[in-house]
Amino acid sequence: MKRVFSSLAGIAAALSVAILLSGTAAAQDDVILTIEGAISKGSSVTFTLAQLDALAQTDIKTKTPWHDGVRTFTGPSLRLVLDAVGATGANITAHALNDYSADLPVEDADKFGVILATRMDGELLSIRDKGPIFVIYPYDSDPVLQHDVYYTRSVWQVDKLTLK
């Protein structure tokens, strides 16, 4: 019986991973973001898509190196999300589902108006399309942003932010 249960648990885990990687967009009640580290609201705070959608949304219309033409990205401002968790750190490590990570200074949130995009051109970002969350800078607003420094900070498939 133990072996059957173990096999079923393994199958359930494999199905969960397959669904995650299938490219479907997150459901409203799925936890899609965890924030931890130097925050005052506990050791970690999680957000569902619905909770992120409940925050004021910002649009950034810009070209990116990864898409053709100008696209409209929508999501809460990074500053708003950091304020919601009582961020006290000066740096953020953005972690992606594929284990990629990049560091960005918290000051970028204010200096450039970075957003945590959950949508592109009005459609939810699926994992296949760089979702559920994509760190977006307004690249067209300032030539300084059209540089590898900022492109590497634009992590997609974000699932965790660690404040330091």
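Residues numbered from 1 in each chain as written. Predicted model: local features only at pLDDT ≥ 70, side-chain atom pairs only at ≥ 80, totals over all residues. Heavy atoms only, no water.

Right, let's talk about the pairing of strand β11 (residues 158-163) for a bit. On a regular strand, one side chain projects to one face of the sheet and the next to the other, so that they alternate. Direction of pairing for strand β1 (residues 31-37) relative to β11: parallel, over a ladder of four bridges. Along β11, the bridge assignment pairs T34 with K160. Both strand β5 (residues 91-96) and β11 contribute to a ladder of five bridges, which runs antiparallel. Each bridged residue has a counterpart across the sheet, and for A94 the counterpart in β11 is L161. (Pairing = 2+ DSSP bridges. Helix = DSSP H or I, 4+ residues; strand = E, 2+ residues; numbered from the N terminus.)

It is worth spelling out the side chain of D108 at this point. Inspection of the secondary structure assignment puts D108 in helix α4 (residues 107-112). For D108, a relative accessible area of 2% translates into the label buried. In terms of polar contacts, D108 uses its side chain to reach the side chain of R153, at 2.7 Å. Setting aside its immediate chain neighbours within four residues, D108 contacts G113, V114, Y137, Y150 and R153. (Buried < 20%, exposed > 50% of the residue type's maximum accessible area, 1.4 Å probe, protein only. Polar contact = N/O pair within 3.5 Å; in protein donor to acceptor, adjacent residues only side chain to side chain. Contact = heavy atoms within 4.5 Å.)

With that out of the way, let us pick up the environment of I115. Counting through the fold element by element, I115 comes out in strand β7 (residues 115-117). Considered as a pair, I115 and Q57 are 58 residues apart in the sequence and their alpha carbons are 8.8 Å apart. Look past the residues within four positions of I115 in its chain and what remains in contact with it is T58, I60, F73, T74, G75, P76, S77, L78, F134, V135 and I136.

The next subject is the side chain of R153. Mapped onto the elements, R153 comes out in helix α5 (residues 148-153). Excluding residues that lie within four positions of it along the chain, R153 makes contacts with A102, D103, L104, P105, D108, V135 and Y137.

Turning our eyes to something else, we now look at the sheet that holds β11. Backbone hydrogen bonds are what pair the strands of a sheet, in a parallel or an antiparallel way. With respect to topology, five strands assemble into an open sheet ordered β2-β1-β11-β5-β6, the strand pairing being mixed. Either end of the sheet is taken by a strand with one partner, and the two such strands are β2 (44-48) and β6 (101-105). Across the sheet, the axes of successive neighbouring strands diverge by a mean angle of 20°, strand direction being ignored. (Axes fitted to C-alpha atoms, helices over the stretch in contact; angles between N-to-C directions.)

For the protein, per-residue confidence averages 88 on the pLDDT scale, and 84% of positions sit at 70 or higher. Low pLDDT, under 50, characterises residues 1-22; the predicted model gives this stretch four contacts beyond four residues in sequence or across chains. (pLDDT = per-residue confidence, 0-100.)

The four strands lie next to each other as β3-β4-β8-β9, forming an open sheet whose pairing is antiparallel. If you trace the sheet from one side to the other, it starts and ends with β3 (57-62) and β9 (123-124), each paired once. Where strand β4 (residues 71-76) and strand β8 (residues 119-120) come together, two bridges link them in antiparallel fashion. Paired with F73 across the strands is M120, a residue of β8.

This next bit is on the pattern of salt bridges. Enumeration according to the criterion identifies seven salt bridges in this entry. A salt bridge links D53 to R119; the nearest nitrogen and oxygen atoms lie 2.8 Å apart. Placement of the pair is D53 in helix α2 (residues 49-54) and R119 in strand β8, with a sequence separation of 66 residues. Classification of D53 by relative accessible area gives partly exposed; the value is 22%. Among the ionic pairs, D108 bridges to R153, the shortest N-O distance being 2.7 Å. In this pair, D108 sits in helix α4 while R153 sits in helix α5, placing the two residues 45 residues apart along the sequence. Each of R79, D83 and D110 takes part in one network of salt bridges that share partners. (Salt bridge = Lys/Arg side-chain N within 4 Å of Asp/Glu carboxyl O.)

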